[in-house]
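# Report on the structure
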Amino acid sequence: MIDILFCGNDKVFDGILTCMLSIFKRTQTKTPFHFYIFTMDVSHIKKEYLPLTQAQADFLQKVAASYNPQNVVTKIDVTSLYHKEFDGSPNEQCYCSPYTLIRLFADEIPALPEKVLYLDCDMLFNRDITLLYDIDIDGFEYAASRDHYGKYLINPNFINAGMLLLNLTEIKKTGLFKKARELLKVKKLLFADESAIYRCTQKKKMLPQRFNDQKFLWKHTVIRHFSKRLFYLPYPHTANIKQWRVTAVHKIFGYEQFDDILYEYIFLKTAFERGLYGDDSHSQCC
């Protein structure tokens, strides 16, 4: 089983769906996938901070099973853990959302296996996932790539936590996530959990940028991360263009490499919104 972790609220549904499709369409392995999704209700912070719905989770399960009947999608509600750990935390109103913090609960969930690949929801695979997942991380807490901007502005080895190949056995041994949670409870950090992970790490494996490319798409790119990036033209500005904004992906990035993924996403999303997501939805598309 290849084990993958996503985190977020009901608004990340499009990201999870597109990322899953990219994995299925770029991977040759017959090994089944188990997708874990941490979610929570923190609408007391903002009314739109609602958990992934059961209908969304059920739909993702049907899409996954259409590629391999052994694929599994498991939704895990971590609301109670969040209240216990981060209520009133100085990082509760962090730069992104409270949902970035909940990947730090991976060591607290018994259902998770020893090795799991954490992925932000704004990622697409350009090449086979096994190029990443099969990397040996024995003796390391995790493997990660450098942050495209942080490696210049903060530290040459500052990581981007959008992709973390986690060794939960080692993380539990060193207490990495526990220490990161404790730090976040008492100190406001610029990049919240990403900064906490970086500060508390004892041993990480650094991977080439192609495993988490936040700016470019090359033939050898394994993951294209559609994170916020800097554009210089027509004037210096930042933009946060996600992969499910299909027109922008074509118009601004000029990408056609993901068309098979994004066109199936459009079909499936439309079917979901219309309530037409029976067992034959995938076969109708493909």
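Look up a bit, the structure's there.
Below is a summary of the structure that appears in this document. Just so we're clear, the structure is a prediction, and the values are computed from it rather than from any experiment. (Residues numbered from 1 in each chain as written. Predicted model: local features only at pLDDT ≥ 70, side-chain atom pairs only at ≥ 80, totals over all residues. Heavy atoms only, no water.)

## Side note on the packing of aromatic side chains
Given two aromatic rings, their pairing is described by the distance between the two centres and the angle made by the two planes. The condition that has to hold: Each Phe, Tyr or Trp ring (for Trp, its six-membered ring) is paired with any other whose centre lies within 6.5 Å, and the angle between the two planes then decides the class: stacked below 30 degrees, edge-to-face above 60, tilted in between. Working definition: helices are DSSP H or I runs of at least four residues, strands are E runs of at least two. Numbering for both runs from the N terminus. Three exposure classes are used, based on accessible area relative to the maximum for each residue type with a 1.4 Å probe and protein chains only: buried under 20%, partly exposed in between, and exposed over 50%. The rule is short: NZ of Lys or CZ of Arg within 6 Å of the ring centre and within 35 degrees of the ring normal puts a charge over the ring.
In the structure shown here, the tally under the stated rule is 18 aromatic pairs. On the numbers, 5.6 Å between centres and 85° between planes, the contact of Tyr49 with Tyr99 is edge-to-face. Of this pair, Tyr49 sits in the loop between β2 (33-39) and α2 (54-67) while Tyr99 sits in the loop between α3 (79-86) and β4 (115-119), and the two are 50 residues apart along the sequence. The pair formed by Tyr49 and Tyr99 is uniform in burial state, with each residue classed as buried. Connected via pairs of aromatic rings, a cluster forms that spans Phe6, Phe24, Phe33, Phe35 and Tyr67. Lys203 extends its terminal NZ or CZ atom over the ring of Phe140, reaching a point 5.0 Å from the ring centre.

## Concerning the nonpolar core
For the record, the criterion: In this description, a nonpolar core means a group of buried Ala, Val, Leu, Ile, Met, Phe, Trp, Tyr and Cys residues linked to one another through side-chain atoms lying within 4.5 Å. Working rule for contacts: check all heavy atoms of both residues, and any pair within 4.5 Å makes them a contact.
Formed by 56 residues in total, the largest nonpolar core has its most connected members in Ile4, Phe6, Leu117 and Leu119. If near-sequence neighbours (up to four positions away) are discounted, Phe6 is found in contact with Ile16, Cys19, Met20, Phe35, Tyr36, Ile37, Phe38, Leu119, Asp120 and Cys121. Counting 41 residues, the second-largest nonpolar core is a separate cluster that includes Ile102, Ala144, Leu176 and Ala192.

## Some remarks on the environment of Val186
Looking at the secondary structure, you find Val186 in helix α7 (residues 176-186). Residue class for Val186 comes out exposed when judged on its relative accessible area of 67%. Taking C-alpha positions, Val186 is 45 Å from Lys30, a pair spaced 156 residues apart along the chain.

## Things to note about the layout of surface pockets
Once rolled over the atoms, a probe with the size of a water molecule shows which space is left empty. Note the following rule: Detection works on a 1 Å grid of protein atoms alone, calling trapped sets that fit a 1.4 Å probe cavities and calling open sets with protein on both sides within 12 Å along at least five of seven lines pockets, with lining residues defined by an atom within 4 Å of a point. Grid points are joined across faces, edges and corners, and a volume is the space filled by probe spheres set on the points. Asp, Glu, Lys and Arg are counted as charged, while Ala, Val, Leu, Ile, Met, Phe, Trp, Tyr, Cys and Pro are counted as nonpolar; the rest, among them Gly, fall into the polar class.
Of the pockets and cavities examined, the second largest pocket occupies roughly 180 Å³. Per-class residue counts for the lining of the second largest pocket are four nonpolar, six polar and one charged.

## A closer look at the pairing of strand β6 (residues 142-145)
Heads up, the condition is: Think of it this way: DSSP has to see at least two bridges between two strands before they count as a pair.
The two faces of β6 match: Tyr142 and Ala144 on one face and Ala143 and Ser145 on the other face are all buried. Summarising the sheet, β6 and strand β7 (residues 163-167) pair through two bridges and their orientation is antiparallel. For Tyr142, the partnering residue across the bridge sits in β7 and is Leu166. Where β6 lies against strand β8 (residues 204-207), four bridges are found, and the strand directions are parallel. Residue pairing for β8: Ala143 is matched across the bridge by Lys205.

## Some thoughts on the pairing of β4
Within β4, four of the five residues are buried, leaving the element largely enclosed by the surrounding structure. Sheet analysis places strand β1 (residues 2-7) next to β4, joined by two bridges and oriented parallel. Bridging across to β4, Leu5 finds its partner in Tyr118. Pairing of β4 with β7 involves five bridges; the strand directions are antiparallel. Of the residues in β7, the one forming a bridge with Tyr118 is Leu164.

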